[in-house]
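Residue strings, one per chain:
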Amino acid sequence: MIDKKVFIEIKKLLDNSENPLFFFDDDCDGTCAYLILRKHKGYGYSVPVKGNPELNMDFYHKVKEYTPDLVFILDKPKLSQEFVDNINVPIIWIDHHPIQKVNGVKIYFNPLIYDNNDTRSTTFWAYEIIKENMWVAMIGCIADFHIPNFSDEFVKKYPDLFSTKIKDPAQALFETKVGLLVKIISFNLKGKTTYVRKSLNSLVKIKDPYEILDRTSKEGQYLWDRYESINIVYSELLKKALNEKHDENFVIYTYSDNGLAVSSELSNELQYKFPNKYVIVGRVKENAVVLSVRNKTNPVRDILLKAIEGLNASVGGHLHACGGSIPKDNFVLFIKRFKDLALKELKIEY
């Protein structure tokens, strides 16, 4: 049973902070968690953490630059002890990935501490703390394949964006306007830092989802325009992936780096279209392949961890949805290992 006193303490620390700094994963869940806290506070510095599952000393210069009196870490699965040891202000770490042990964090909230089956999104817990901007919370939850317990209340306020009849998070993601908003926010986190920064500043100013969907403000128009430009590239990649021949149990698709990291979005949509298959999407970047792996019914994390042994690769994530990186020269061997292990789980001879 989660002690709600921890939520009161987190909110009190945020309310009393004069200079908060927010580090957050640059996916839709991490970003929406940040937006809920930032909109409530009214100010604070933001640092989206790209391409690295661990928050480490590579990001310490941001602490020196902003000299915060409170540091939030949102939706990051790993945190280096050295990074924590060099920060002399309170750290609040809110996450829902496998539990980590790091000393010196003032508050580490992770639902898995209380229930090892509770992986509800970081956005959900940010909303539990603040109870404001439900529309942002709904987007972040659906992005993380979770239909939250406030969805009925959300539908009363935004009946055209969602339906109480929908019980499958994947259907919510690909067949509702909330799902469209997930895509819009996710695509606005892609590309050059200057564009991402402008998108984040626009999202902070947005007061309701219709500003984006109906382009009723300059910020909403900017977010929509960025989404449309990136969606052209994404749609072409998706079309190619769908047109390739795939075997009975696997969808494996790689594409050359185009400056836009959309592997996660591609793997999610391919999983929706091929619900009974393992999905592996790889973005070939210089000498590495950046992976996104999905399976709706069978856990992939343990298979991945075994498949990459000795291959100088790294992976992480949830049971059914993982990301990682592997040297390009080891990719073919990795795929063979992954298939062997996955088919063994399915008890299929390969």
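Just above sits the structure.
A. Looking closely at the sheet that holds strand β8 (residues 250-256). Spatial ordering of the open sheet is given by β8-β9-β10-β12-β11, a layout of 5 strands whose pairing is mixed. Here the strands that pair on one side only, and so sit at the sheet edges, are β8 and β11 (314-317). For this sheet the average axis-to-axis angle between neighbouring strands, irrespective of direction, equals 15 degrees.

B. Local environment of the side chain of Lys41. With respect to the element layout, Lys41 can be found in helix α2 (residues 28-41). Asp15 is the oppositely charged side chain nearest to the buried, salt-bridge-free Lys41, at an N-O distance of 5.5 Å. A polar contact of 3.0 Å, which involves the side chain of Lys41, links it to the backbone oxygen of Leu14.

C. Geometry of the packing of helix α1 (residues 5-16) against helix α5 (residues 122-130). Look at α1 against α5: their axes get within 8 Å of each other, and the N-to-C directions meet at 80 degrees. On the basis of the axis angle, α1 is roughly perpendicular to α5. For the pair α1 and α5, the contacting residues are Phe7, Ile10, Lys11 and Leu14 in the first and Trp125, Glu128, Ile129 and Ile130 in the second. Classifying every residue of the contact of α1 with α5 by side-chain character gives 6 nonpolar, no polar and 2 charged.

D. Region of the structure containing a nonpolar patch on the surface. Taken together, the side chains of Ile99, Ile113 and Tyr114 define a hydrophobic patch exposed on the protein surface, amounting to about 250 Å² of accessible area. You can see Tyr114 is positioned in the loop between β7 (107-109) and α5.

E. Structural detail: the pairing of strand β2 (residues 45-49). A large share of β2 lies buried, amounting to 4 of its 5 residues. Sheet analysis places strand β1 (residues 20-25) next to β2, joined by 5 bridges and oriented parallel. When the bridges of β2 are listed, Asp25 appears paired with Val49. Chirality of the crossover, the property in question, places the unit of β1, α2 and β2 among those that are right-handed.

What counts and how
Residues numbered from 1 in each chain as written. Predicted model: local features only at pLDDT ≥ 70, side-chain atom pairs only at ≥ 80, totals over all residues. Heavy atoms only, no water. Pairing = 2+ DSSP bridges. Helix = DSSP H or I, 4+ residues; strand = E, 2+ residues; numbered from the N terminus. Axes fitted to C-alpha atoms, helices over the stretch in contact; angles between N-to-C directions. Buried < 20%, exposed > 50% of the residue type's maximum accessible area, 1.4 Å probe, protein only. Lys, Arg positive; Asp, Glu negative; His and termini not counted. Salt bridge = Lys/Arg side-chain N within 4 Å of Asp/Glu carboxyl O. Polar contact = N/O pair within 3.5 Å; in protein donor to acceptor, adjacent residues only side chain to side chain. Parallel < 35°, antiparallel > 145°, perpendicular 65-115°, else oblique. Contact = heavy atoms within 4.5 Å. Nonpolar A, V, L, I, M, F, W, Y, C, P; charged D, E, K, R; others polar. Patch = residues over 30% accessible without salt bridge, like charges linked within 9 Å, V, L, I, M, F, W, Y side chains within 5 Å. Areas by Shrake-Rupley, 256 points an atom, 1.4 Å probe, with all protein chains shown as cover. Right-handed = clockwise from strand over helix to strand, strands pointing away.

Function cannot be inferred from these measures alone, as they are strictly geometric.
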